[in-house]
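Fold and geometry: a report
Listed below, chain by chain, are the residues.
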Amino acid sequence: MSDNKHELIVEFENDLQTVKDTAALENIRVKYLGKKGKVTEQLKNMKDLSPEERKTFGSVINKVKLEIQSKIDDLKSNLERKEQDEALRKDTIDTSLPGTFAELGTFHPVTLIAQRISELFIKLGYFITDGPEIEEEYYNFEALNVPAHHPARDMQDTFYLENGRLLRTQTSPMQIRVMETIKPPIKMITFGKVYRVDNDITHSPMFHQMEGLAVDKNVSMSDLKGTLGVFVKEIFGKIPYRFRASYFPFTEPSAEVDIQCIFCKGKGCNVCSNSGWIEILGCGMVNPKVFESVNYEPGKYTGLAFGLGIERIAMLAYGINDIRLLYNSDIRFLKQLQ
Amino acid sequence: MKILLSWLKDYIDIDETPEKIAEALTMAGLEVEEIIEPGKNLQNIVVGKILSKDPHPNADKLTVCKVDINKGEPLQIVCGASNMKAGDKVPVATIGTKMPDGFMIAPAKIRSVESYGMMCSKKELGLAEDHSGLYILPEDSKVGEEIAKTLQLNEVIFDINITPDRGDALSHLGVARDLSAIFNLPLKRDTLGDASGEGNILDEVKIEIQNNELCPRYSARLIKDVQVGESPEWLKHRLTQVGLRPLNNIVDITNYIMYDIGHPMHAFDFDKISGNKIIVKAAKEGEKFTTLDGIERTLSNSMIVIADEQKTLALGGVMGGLESSVTEETKTVLLEGACFNEVAVRKTAKALSLPSDSSARFERGVNIDNTVISLNEAVKLMKSFCKCTPVQGIADAYNMPVPLRQIRVSVKNVNRLIGINLSAERIETYLLRLKLEISKDEDGLIVSVPPYRHDLQQEADIIEEVARIYGYDNIPETLPEIRTTVVPQEKDALLADKIKNYLVSCGFHETITYSFIPEKTPDCFLSKRPIAIKNALSEEMKLMRTNLVPSMFEAIKRNMLNDEKNLKFFEVGKAYLPSDSNQITEPLRLCIGLAGAKNHLNWKDSKSEYDFHDLKGLIENIGAICGVKFWITGGETASMYHPSKQAEIRAGKHVVGTFGVIHPSLITNKKVSKNILIAEIDLTAISKENPAKIKIKEISEFPSVDRDLAITVPDNIEHKDILKTLKADAGNLLETCDLFDVYSGKGIEPGHKSLAYSLRFRDKTKTLTDEAINPIMERIIKSLEQKYQAKLR
């Protein structure tokens, strides 16, 4: 008898070998487990057996039923997965067609650079403020230790307005405006448009500057150097830079920061006039005469200040060789900033 | 300014490479912009002597020469030039030479004659544009010598950008002084010339300064029996290399002294001066005077003139006069060494557009002691190479001696400002290297400033000197330990940042355009009379814009002319508005430009032109981003917009912006679409409005009843009126009412439009039934029929 049950399994397994799809499997299921199936028949036959035999036989045939059921289930889920897979594989699209969701726009390169710089300084605890572009001569020059008829005025050719004011040539007037309003400690950055009488492929009559000012009782040149070192790393990555003596009327000592020429890696090329270095910003320690202009107690405070042209950095960062591209709203240029 | 290494070596024995010297100067604030080495590209080019010149057997225009270069057998060279003859000395590029243009000289066969080198023109040497023939060298040139040596081209020239504070460095002596301090090398100086001579100048020349402010010191020397002629080669060479044109020995000497020790001088033909009195005074207002360059100029009373008792001789510190200038006939020379007021010289040079080497130095301040020294040095030079008889002594008017400037420097302040820790001794050493005199007391150092360092005025200036010599490179890097003061950012700028992010997400490109607009901007774009720029670059950049719209309009037009089809731009910038009281406000504005085809080049979505309602939706979202409720109402006030396709944007009680379709009459080019949409919103105004408060309503648990309502109405009936009526009749069971279709055309009576609304009703306390809603719908329909001739569809 045990042979008989065994035979059923053997037969089932032989049948199973031939199954290729779920339909065939269903036929096999009906053949063994259906109402008239071989296993079902066997179960029906039990009623003719003695209670003892029924017990033994029942347990054996139930095992066979469970085994067959389980094998059918396994195979069924396998086949279903396979069939679904095949069906999905036939349901094709051209994935290489362009995406159709609304395209992204772009930020202007000046905004991109200004955002990166202001984010850095805000992290360093600076506050950001804004001021007028139409300025008084006093804020743009006198208060910054540039008296009338001083040769330093040649450094910045100025637009004068018919109402007696001028277009600021630098963001530095904001140093005065902020220090007139609040007392140290101050850590301020400001960003905005400035204007100079100049127009060629590297100079625009309107451009943008970012200015920084930190004033307290013991701010030093080493703080200035460290701060700008962080700035260079943030914007240009790990690149050699140098901090060299220079002159600005509103800082003393004054310095300029050069980075190694990113085009020739310092070997010397046209862009860097063969020097291997590119100037990126001017800076220094706030001139005591500027503190005098804002009526700070002499000798009480020291401060660091720096100013940089955003366009210049944008041009370096994105390889833009004509500054006028930045202002003519050409979508073919702007789209490249995505 | 050009500085020659060989000239520097008159003052300092320095063996460093040109690169090292340039770097050191640059780091110390004398920025070397370029190192020029004219002889660097001429290696292996030597002096050759042409021994013979024969015709080329196979070419009419070529010759075959034998050239001796004092090295082995003479070279056979085929040459295309014809201006040479046997016996001439010419530059010869030998085999293996790399020419300045990169060409390599190799043995060649030219029309089957062998050639072993090249004889060169000035152009081929990169010395001049002259390509008319070979460069025929002076007869005494040494055969075989490197041409760079023969032509004295083995020079290193530093082109230095001297900052406006460092007038003292506008000379070879000045630069050498800094080098001596940086490299800690002694500064050499020859014995200075003296005032010896024959007779006594005081018997022949009197100097009268009428205004000591304008001229603190005026010194002069007289030199007789002068023979004006050419300067010696070495002097001409130095002047040429620094960029000056040699003129004659007298003028050349004054220029030489200026580049040597930094003092501008002037030479007069003494015989052209009437009487014996030199008067320094202010010019007469409106006075006419012809300068050295032959141009007649009109002077003003802020200018300094040098005059005799009858006439003006020179513009003090700026330029001499034509009449009294030194010429070949000059026999007696009066040399001037003076010190003029910085501001007066600058104003004069500016007013007459006459910036000169001389004015540049006076503007920055010269060494008042050098008036005399420069005269004696000039006479010393003159005696060394031209026939002349100096008159003994100096006529010197020095009525306002400049007091010695002393600056107190504390060691603590030096270290506090630089962020280092130097001892008093180290600081003293650095300052001594700069030739500053130091005395000490219990409070620190007292620095006596030499008369040439006009930039040293206060303690911070001395600290910069310490830092320069200590080396900016050696300063450590730290971050300031400053408490943070919280100052909130301007609210309009914060709004701008948020809006920029939104618009970029929506596919807009940010532009930045000039704040200037053309003088001929149409009136419709000008909200106020714009502020004009006095010295504008052009008429196109004459006015400060009062809004951003004309710039945006231009940007869109320009792109359309480039065949761009889908234009979505925005700009955030200021408008410049004058007010009656000469006050100016600079509100921050957002300008949006929208034009062309929506979904242009999108292969799936349907294409259509941007229209008024696209922009309106965008503006409503911007209101939400600003946290302010915008009320948008149609208007007809802005003449730059289409009269019936424009609207005003209100926030609170204020108009904060407008938008619309640009008036078609402003578009004349056929390539430019007539459908350009522009909006301008005043962010500064919005930032002053109170933000709309958000209050969350309870969400009902009961189901809604949805009804659609489609009606036709005459075209002139507006959605906003229908909505108002509908809401009033629906009562508070109406939860939402959305317009989901607008249609006119086929199936709709002409002059009418179909509007379809989706209404959702809900009760907070119970489930609504059709029985509750039906009477409401009837009421609504009845009202719409009565008020707007609406018909149900």
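Residues numbered from 1 in each chain as written. Chains lettered and ligands numbered in written order. Predicted model: local features only at pLDDT ≥ 70, side-chain atom pairs only at ≥ 80, totals over all residues. Heavy atoms only, no water.

Comments concerning the overall build of chain A
Quick reminder of the rule: Numbering of helices and strands runs from the N terminus; a helix is a DSSP stretch of H or I covering at least four residues, while a strand is a stretch of E covering at least two. A radius of gyration in this sense is built from C-alpha atoms; the matching globule rule multiplies 2.2 Å by the number of residues raised to 0.38. Classification of residues uses two cut-offs on accessible area relative to the type maximum, computed with a 1.4 Å probe and protein chains only: under 20% is buried, over 50% is exposed, and between them is partly exposed. In what follows, a contact means two residues having at least one pair of non-hydrogen atoms within 4.5 Å.
When helices and strands are tallied, chain A shows eleven helices and nine strands. Against the compact-globule benchmark of 20 Å for 338 residues, chain A has a radius of gyration of 41 Å, which places it well outside the compact range. Structurally, chain A occupies a C-alpha span of about 125 × 45 × 45 Å along its principal axes. For chain A, buried positions account for 53% of its 338 residues. Counting only contacts in chain A whose residues sit at least 6 apart along the sequence, the fraction spanning at least 24 positions is 65%.

Topic: the overall build of chain B
Our working rule: Surface accessibility follows the Shrake-Rupley procedure with a 1.4 Å probe radius. Residue values consider only the protein chains on display as shielding.
Looking only at helices and strands, chain B features 18 helices and 41 strands. For 793 residues, the compact-globule estimate of 2.2 N^0.38 gives 28 Å, and the C-alpha radius of gyration of chain B, at 42 Å, exceeds that figure by more than 25%. Overall, chain B is about 130 × 85 × 60 Å in size when its C-alpha atoms are taken along their principal axes. Buried positions account for 52% of the 793 residues belonging to chain B. Long-range pairs, those at least 24 residues apart, make up 68% of the contacts in chain B between residues at least 6 apart in sequence. By element, 49% of the accessible surface of chain B is carried by carbon and sulfur atoms, the whole surface being about 37700 Å².

Regarding the packing of aromatic side chains
What counts, and what does not: Each pair of aromatic rings taken from Phe, Tyr and Trp, with Trp reduced to its six-membered ring, is defined by centres within 6.5 Å and is described as stacked if the planes are under 30 degrees apart, edge-to-face if over 60, and tilted in the remaining cases. Placement of a positive charge over a ring is assigned whenever Lys NZ or Arg CZ falls within 6 Å of the ring centre and within 35 degrees of the normal to the ring plane.
The final tally for this structure, using the stated rule, is 21 aromatic pairs over all chains. Considering the side-chain rings of W7 of chain B and Y256 of chain B, the 4.6 Å spacing of their centres and the 15° angle between planes classify their relative orientation as stacked. Placement of W7 of chain B in helix α1 (residues 5-8) and of Y256 of chain B in helix α6 (residues 249-261) is noted, with a sequence separation of 249 residues between them. For the pair formed by W7 of chain B and Y256 of chain B, the shared burial category is buried. Connected via pairs of aromatic rings, a cluster forms that spans F159, Y195 and Y327 of chain A together with Y514 and F516 of chain B. Above the face of the Y135 of chain B ring, K122 of chain B is positioned so that its terminal group lies 4.8 Å from the ring centre. Cation over ring: R361 of chain B sits above Y259 of chain B, and NZ or CZ is 5.0 Å from the ring centre.

Concerning the interface of chain A and chain B
Often the size quoted for an interface is simply the accessible area lost on bringing the parts together. Rule in force here: Summed over both partners, the accessible area (1.4 Å probe) lost when two parts come together is defined as the buried area. A side-chain nitrogen of Lys or Arg and a carboxyl oxygen of Asp or Glu constitute a salt bridge if their distance falls within 4 Å. Polar contacts, as counted here, are pairs of nitrogen or oxygen atoms within 3.5 Å of one another; within protein the pair requires one atom able to donate a hydrogen and one able to accept it, and residues that are adjacent in sequence qualify only if both atoms are side-chain atoms. Any residue outside Ala, Val, Leu, Ile, Met, Phe, Trp, Tyr, Cys, Pro, Asp, Glu, Lys and Arg is labelled polar, Gly included; the first ten of those are nonpolar and the last four are charged.
Facing the 97 residues of chain A at the interface are 90 residues of chain B. A combined buried area of about 7900 Å² lies between chain A and chain B, and 56% of that area is made up of carbon and sulfur atoms. In terms of surface lost to chain B, no three residues of chain A exceed T100, H149 and I331 of chain A, which account for 8% of the buried area on that side. For the pair chain A and chain B, the interface holds two salt bridges. Linking R244 of chain A and E31 of chain B is a salt bridge whose minimum nitrogen-to-oxygen distance equals 3.6 Å. At the surface where chain A touches chain B, the tally comes to 41 residue pairs in polar contact (both at pLDDT 80 or more). Per-element tally for the side of chain A that touches chain B: the top contributor is helix α8 (residues 221-236) of chain A, with eight residues. Here the residues of the side of chain A that touches chain B are counted per class, giving 44 nonpolar, 29 polar and 24 charged.

Things to note about the packing of helix α5 (residues 233-241) of chain B against α6 of chain B
Residues and elements named next belong to chain B. Just so we agree on the cut-off: Convention adopted: a line fitted to C-alpha atoms gives each axis, helices being fitted over their contacting stretch, and angles between N-to-C directions are expressed from 0 to 180 degrees. By the definition adopted for this analysis, an angle is roughly parallel if under 35 degrees, roughly antiparallel if over 145, roughly perpendicular if from 65 to 115, and oblique otherwise. Note on convention: the crossing is left-handed when the near helix lies turned anticlockwise from the far helix by less than a right angle, right-handed when the turn is clockwise.
Across the interface, α5 lies against α6 with an axial gap of 10 Å and an inter-helix angle of 55°. Between α5 and α6, the angle is such that the two are oblique. Of the two elements, α5 crosses α6, and the hand of that crossing is left-handed. Each of W234, L235, K236, R238 and L239 in α5 lies in contact with α6, whose residues at this interface are D252, I253, N255 and Y256. Residues of the contact of α5 with α6, tallied by class, amount to five nonpolar, one polar and three charged.

Side note on helix α2 (residues 18-27) of chain B
Counting buried positions over the ten residues of α2 of chain B gives seven, a clear majority of the element. For α2 of chain B, every residue scored as buried is listed here: P18, I21, A22, A24, L25, T26 and M27 of chain B. Tucked inside the fold, the buried residues of α2 of chain B contact β6 (241-248) of chain A together with α1, β2 (31-36), β10 (157-161) and α4 (172-183) of chain B. At the exit of α2 of chain B stands G29 of chain B, carrying a positive phi of roughly 105°.

So, the sheet that holds strand β23 (residues 405-409) of chain B
All names here are of chain B. In plain terms, the rule: Two strands pair under a simple rule: DSSP has to find at least two bridges between them.
With respect to topology, three strands assemble into an open sheet ordered β23-β25-β24, the strand pairing being antiparallel. Two strands close off the open sheet at either side, each with one partner strand: β23 and β24 (437-441). Strand-to-strand twist in this sheet, taken as the mean axis angle between neighbours without regard to direction, amounts to 25°. Relative to strand β25 (residues 444-449), β24 is paired through five bridges, and the arrangement is antiparallel. Within β25, the residue paired with K440 across the bridge is L445.

Details of the domain arrangement of chain A
Note the threshold: Throughout, the edges of the domains are those of an automatic or database domain assignment.
The assigned domain composition of chain A is domain 1 (2-91) and domain 2 (109-335). Here the C-alpha centroids of domain 1 of chain A and domain 2 of chain A sit 84 Å apart.

Here we look at the sheet that holds strand β9 (residues 118-119) of chain B
Residues and elements named next belong to chain B. The five strands are arranged β5-β4-β3-β6-β9 in an open sheet whose pairing can be described as antiparallel. For this open sheet the edge positions go to β5 (75-79) and β9, each flanked by a neighbour on one side alone. Across five bridges, the pairing between strand β4 (residues 59-68) and β5 is antiparallel. Bridged to T63 within β5 is C79.

Here we look at the side chain of R707 of chain B
Residue and element names in this part refer to chain B. Tracing the backbone through its elements, the reader meets R707 in strand β38 (residues 705-714). Only 3.2 Å separates the side chain of R707 from the side chain of D770, close enough to count as a polar contact. Within the structure, R707 has its side chain in polar contact with the side chain of N774 (distance 2.9 Å). Contact partners of R707, with chain neighbours within four places excluded, come to Y757, S758, L759, F761, D770, I773, N774 and M777.

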